[in-house]
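Architecture and fold: a report
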Amino acid sequence: MKVLKFGGTSVANAKNIELVKDIVSKSTSKTAVVVSAFGGVTDLLLEAAQLASIHQKSYKDVFLKIEERHINTIKELIPVTNQSKVLSKVKTELNILETLLEGAFFIGEITPKLSDKIVSYGELLSSYIISEYFIAQGLNTAYKDSRELIKTNANYGKAAIKNFNETNSLIKNFFNSTESKITVLGGFIASSTQGDSTTLGRGGSDYTASIIAAAIDAENLEIWTDVSGMFTANPRIVKQAKAIANISYEEAMELSHFGAKVLYPPTIQPVLAKGISIAIKNTFNPESQGTIITKNLDKNGRTVRGISHIENISLLSLEGSGMVGIPGISKRFFEVLSVAQISIVLITQASSEHSICVGISADDVTTAEAAINSEFEYEISLRKIKPVLVENDLAIIALVGDHMKNHQGLSGKMFSTLGKNNVNIRVIAQGSSERNISAVIDKCDVKKALNALHEKFFEENTKQLNLFIMGVGNVGSKLLHQIKQQKKYLKDNLKLNIRVVGISNSRTMFFDEDGISLKNWETQLASGDKADKEKFFSKVNELNYRNSIFIDNTASDVVSRTYADYLRNSISVVTCNKIACSSEYDNYSKLKYLAQKYNAPFLFETNVGAGLPIIDTLKHLIASGDKILKIQAVLSGSLNFVFNNFSSSTTFHDIVKEAQEEGYTEPDPKIDLSGIDVARKILILARESGYKLDIDEITNKPFLPKESLATTNNEDFFASLIKNEDSFQDMFNESDKKDCKLKYVAQFENGKASVGLQHIPKGHDFYNLEGSDNIVLFFTERYPNQPMIIKGAGAGADVTASGIFADIIRIGNF
Ligand code: ADP
Ligand code: ASP
Ligand code: MG
């Protein structure tokens, strides 16, 4: 014989029930089909009961919804010729249900006993309707009320089997005597010795099926649900989760105990004792392999099998000097919780015996708090013990695997992964079987924690980077293009999975949690919400993804002031915007401090020399113990472009205009031509070399006439260049006469920095610098005479974008 169980979604409507019939009709042996209530009906019944008991008329609306669901399903499933009998039976049952709800309404109370009676209608009706549908479809089918077979105590809401021998023989006798090939029964429902309806706990239909399978020594038990097996983590939260092909009873039990809802925890026990395997299958994809739960035969299996979590956990801690060395405190603590029927999910006790801490369901917290404080009232009054400390809004995450005990370092890996993602761990517990390591964390971090752990333990070092990009103009759009082109390469070769989740320009912003399409991001962005820097940050923070990176491609001061918010929330920052790093020293050092404290890299390689690896090299020199003595550099691709192209046969204005149009200058070209941009760059290099310096300490001899410097917009600025062409020609001639070239040079030596135009003679390292190239000479203790030279294109959207991309990849390898 076989037992097949179909869950709520599998029987949610007529269409799904047809799929169930297809599966059942393929069974060649005698089969027990256990069904849940139509999906969502149990919740509706509980809601109706609740509303009725607090005198809310709206319970009638909920009842009507329940009625409609069942009547409609009958009309869709059962041919008209057979309908009237089924409709009349179901209507009779619904009338009784309505009377029960009315009872609750008039009494103004709902007892656990009445609640179970009401809730049992979900499975009673679904199983009856499905059995009639099977009969109408010509399947050899009978209906059986499972309350007649499964006998429990009177612990309503979560009743336990009173006497397995009795239940087993009722089941055996029934199936031995029935002639029908198929028997349809409702899961979840049972009855007490007195004959009252009871229920086996939410999700309990799995348990019903297992009890029946064990009683009749079934060949196997199949749990048909809405996912293709038991997954390495809840597939609704971790998209990369995979179905586990084989898993041991113990592992499955541990995973389900720690929240893998796909299997109700007590389900394992009855079949484990009989060695009957459980298959978890997908009603909506019957061909997929699913999961087989059996004895652990695999001695060298994976260490971590799965990760599960339970939301809505509260921690209760009992603390006080009066607990040390006093026997019996723990006993009383646990006894009082047990008497109050509160189940404990997790326990930890400090070895000093100074405190006991338990994790329980948040639903039980009020009862538990009152019970404990009353139990220890005397000690609390003497201040030997503090009133129980309650912490809410927590969750438990657990790593599960039979082979974890043989492996060192798993918990280290687990906690460092959580730490890197700034997930605060409140409590750690390891099951004595060492089959599980669990941690209590904030509820709001669950998604991030599960995904980060899943990535670490199951995705062969693949790392997902979640990007939030502000500024999609020149540089930003190039960056998006490069990401699109390299995505596959990075995934295949560097195991980096790059996903752009949010983008914004100055007008609109757009988010897509599944990743923005890099083909038509422009259209999507245009359809987005109004741009707002604070809202952008709030959204990034609220999504709370692991490995989140904020990328600033703007030149905005306001945007640069938001970096601290990102870093404080462990969101890395990558920027080509120089403003933050060249702002007041305190702000620069605060950002570096926050990056370190919150484990979130703050990278700005493109602040100097666009894509050239200048800052990174500097960091490596210093980290390896070298000391910077002097820096000489041509750091402005824009100014280099201007002075390489400017001559007596051109005008200064036209060359500057061309530089701006080619994207070689900042949007406001005066920032480059006034020398501010170069001053900022040498300031950043000085700071990165370990010197404390501010922008006003940098000597800057401007070459622009005062009039041009005083302009306040680009139009006036360009007009002033035309007007002052003579002075620019003089500047050129003076240098040309000496056979020199004009170069805008930045220098740092002995703690002092300066920037300015210089006449560079033939033979100098700077003389042949072409186009928009940059060059940096690092004179260090290890390179005192022959400097280390970095040279190459130092401006342009493409190279800047690639520099940002390189920073993103650095974070990926972090
Ligand atoms: P049914 O109504 O069929 O009993 P449930 O809703 O009780 O289905 O259980 C299936 C659900 O369990 C899935 O839809 C999924 O959201 C959830 N789930 C949680 N953890 C896991 C896991 N590790 N593997 C598979 N499903 C899981
Ligand atoms: N219908 C019950 C519930 O929703 C039992 C089950 O589906 O397993 O909890
Ligand atoms: Mg279930």
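Above this text you will find the structure in question.
Described below are features of the structure shown in this document. (Residues numbered from 1 in each chain as written. Chains lettered and ligands numbered in written order. Predicted model: local features only at pLDDT ≥ 70, side-chain atom pairs only at ≥ 80, totals over all residues. Heavy atoms only, no water.)

As for the overall build of the protein chain
- Across its full length, the protein chain holds 30 helices and 30 strands.
- Radius of gyration (C-alpha) of the protein chain: 36 Å, far over the 28 Å computed for a compact globule of 814 residues.
- Seen through its principal axes, the protein chain has C-alpha atoms that stretch 115 × 70 × 55 Å.
- Within the protein chain, the fraction of its 814 residues that count as buried is 56%. (Helix = DSSP H or I, 4+ residues; strand = E, 2+ residues; numbered from the N terminus. Rg over C-alpha atoms; globule rule 2.2 N^0.38 Å. Buried < 20%, exposed > 50% of the residue type's maximum accessible area, 1.4 Å probe, protein only.)

What to know about helix α2 (residues 41-53)
- When the terminal C-alpha atoms of α2 are compared, their 18 Å separation across 13 residues agrees well with the 18 Å that a helix rising 1.5 Å per residue should span.
- When α2 is considered as a whole, its buried residues turn out to be Val 41, Thr 42, Leu 44, Leu 45, Ala 48, Ala 49, Leu 51, Ala 52 and Ser 53.
- Residues of α2 that are buried make contact with α3 (59-77), α4 (80-107), α5 (112-119) and α6 (121-136).
- A positive backbone phi angle near 60° is found at His 55, which sits one or two residues after α2. (Expected span 1.5 Å × (residues − 1). Contact = heavy atoms within 4.5 Å.)

Let's talk about the pattern of salt bridges
- Applying the stated criterion to the full structure yields 35 salt bridges.
- Glu 375 is the salt-bridge partner of Arg 332, the closest N and O atoms lying 2.8 Å from each other. Of the two residues, Arg 332 sits in helix α11 (residues 329-339) while Glu 375 sits in helix α12 (residues 365-375), which places them 43 residues apart along the sequence.
- You can call Arg 332 partly exposed: its relative accessible area is 26%.
- We classify Glu 375 as partly exposed; its relative accessible area is 32%. (Salt bridge = Lys/Arg side-chain N within 4 Å of Asp/Glu carboxyl O.)

Quick notes on the site of ligand 2
- The local shell around ligand 2 consists of Ser 36, Thr 42, Glu 123, Phe 188, Arg 202, Gly 203, Gly 204 and Ser 205.
- Arg 202 is positioned with one of its side-chain polar atoms (N or O) 2.7 Å from an oxygen atom of ligand 2.
- Within the contact set of ligand 2, an oxygen atom lies 3.4 Å away from a backbone nitrogen or oxygen of Gly 204.
- Look at ligand 2: alone it shows 260 Å² of surface, and the protein chains cover 86% of it.
- Its residues assigned to classes, the shell around ligand 2 shows one nonpolar, five polar and two charged. (Near = heavy atom within 4 Å. Polar contact = N/O pair within 3.5 Å; in protein donor to acceptor, adjacent residues only side chain to side chain. Areas by Shrake-Rupley, 256 points an atom, 1.4 Å probe, with all protein chains shown as cover. Nonpolar A, V, L, I, M, F, W, Y, C, P; charged D, E, K, R; others polar.)

Concerning the site of ligand 1
- Taken together, 16 residues form the shell around ligand 1, and within it Thr 225, Asp 226, Phe 231, Arg 236 and Lys 261 come nearest.
- One of the backbone N or O atoms of Gly 8 is found 3.0 Å from an oxygen atom in ligand 1.
- The side chain of Lys 261 places a nitrogen or oxygen atom 2.9 Å from an oxygen atom of ligand 1.

So, the sheet that holds strand β7 (residues 197-199)
- Strand order in the open sheet formed by three strands is β4-β6-β7, with mixed pairing between adjacent strands. The outermost strands of the open sheet, each flanked by one partner alone, are β4 (151-152) and β7.
- Relative to β7, strand β6 (residues 189-192) runs antiparallel, the two being bridged by three bridges. Note that in β7 the partner of Ile 189 across the bridge is Thr 199. (Pairing = 2+ DSSP bridges.)

With respect to the packing of helix α7 (residues 164-177) against helix α8 (residues 205-215)
- It is the contact of α7 with α8, at a shortest axis distance of 9 Å, that shows an interaxial angle of 75°. Classified by the interaxial angle, the pair formed by α7 and α8 is roughly perpendicular. Contacts between α7 and α8 involve Phe 164, Thr 167, Asn 168, Ile 171, Lys 172 and Phe 175 from the first element and Tyr 207, Ile 211, Ile 212 and Ala 215 from the second.
- Taken together, the residues of the contact of α7 with α8 sort by class into seven nonpolar, two polar and one charged. (Axes fitted to C-alpha atoms, helices over the stretch in contact; angles between N-to-C directions. Parallel < 35°, antiparallel > 145°, perpendicular 65-115°, else oblique.)

Description of the nonpolar core
- If you look at the biggest cluster of nonpolar residues, it comprises 76 residues, and the most contacted ones within it are Phe 652 and Phe 778.
- For this core, the element with the most residues is helix α26 (residues 676-688), which contributes seven residues.
- Leu 149, Ala 209, Ile 397 and Leu 418 belong to the second-largest nonpolar core, a separate cluster that totals 65 residues. (Core = buried A, V, L, I, M, F, W, Y, C linked by side-chain atoms within 4.5 Å.)

Structural notes on the environment of Pro 235
- With respect to the helices and strands, Pro 235 occurs in the loop between β8 (220-225) and β9 (246-248).
- Among residues more than four places away in sequence, those in contact with Pro 235 are Val 227 and Ala 241.

A closer look at the packing of aromatic side chains
- Going through the model one piece at a time under the given rule, you end up with 27 aromatic pairs.
- Ring geometry for Tyr 59 and Phe 105: centres 5.5 Å apart, planes at 35°, overall tilted. A residue pair is termed long-range when its members are at least 10 positions apart, and Tyr 59 in helix α3 and Phe 105 in helix α4 qualify at 46 residues. This pair shows no difference in class: Tyr 59 is buried, exactly as Phe 105 is.
- Between Phe 511 and Phe 536 the ring centres are 5.1 Å apart and the planes differ by 40°, which places this aromatic pair in the tilted class. Within this pair, whereas Phe 511 is found in strand β20 (residues 508-511), its partner Phe 536 is found in helix α18 (residues 533-543), the two being separated by 25 residues in sequence.
- For Phe 536, a relative accessible area of 0% puts it in the buried group. (Phe/Tyr/Trp six-rings, centres within 6.5 Å; stacked < 30°, edge-to-face > 60°.)

Topic: the environment of Gly 290
- Structurally, Gly 290 is set in the loop between β10 (277-282) and β11 (291-294).
- Assessed through its relative accessible area of 5%, Gly 290 is described here as buried.
- The contact partners of Gly 290, leaving out residues within four places of it in the chain, are Ser 228, Gly 229, Ile 244, Ala 245 and Ile 280.

Focus on helix α21 (residues 585-597)
- For α21, which comprises 13 residues, the first-to-last C-alpha distance of 18 Å matches the rise-based estimate of 18 Å (1.5 Å per residue) to within 8%.
- Along α21, the residues classified as buried are Tyr 585, Asn 587, Tyr 588, Leu 591, Leu 594 and Ala 595.
- Buried residues along α21 sit in contact with α20 (563-568), β24 (602-603) and α26.
- Positive phi shows up at Asn 599, right after α21, with a value of about 60°.

Re the sheet that holds β24
- Pairing is mixed in the open sheet, where seven strands are placed in the order β21-β20-β19-β18-β22-β23-β24. Each edge of the sheet is formed by a strand with only one pairing partner; in this case those strands are β21 (529-530) and β24.
- Here two bridges tie β20 to β21, and the two strands are oriented antiparallel to one another. What sits directly across from Thr 508, in β21, is Lys 530.

Some thoughts on the side chain of Asp 116
- The topology assignment puts Asp 116 in helix α5.
- If we ignore the near neighbours within four places in the chain, the residues touching Asp 116 are Tyr 156, Gly 157, Ser 197, Thr 198 and Thr 199.

Keep in mind these values describe shape, not function.
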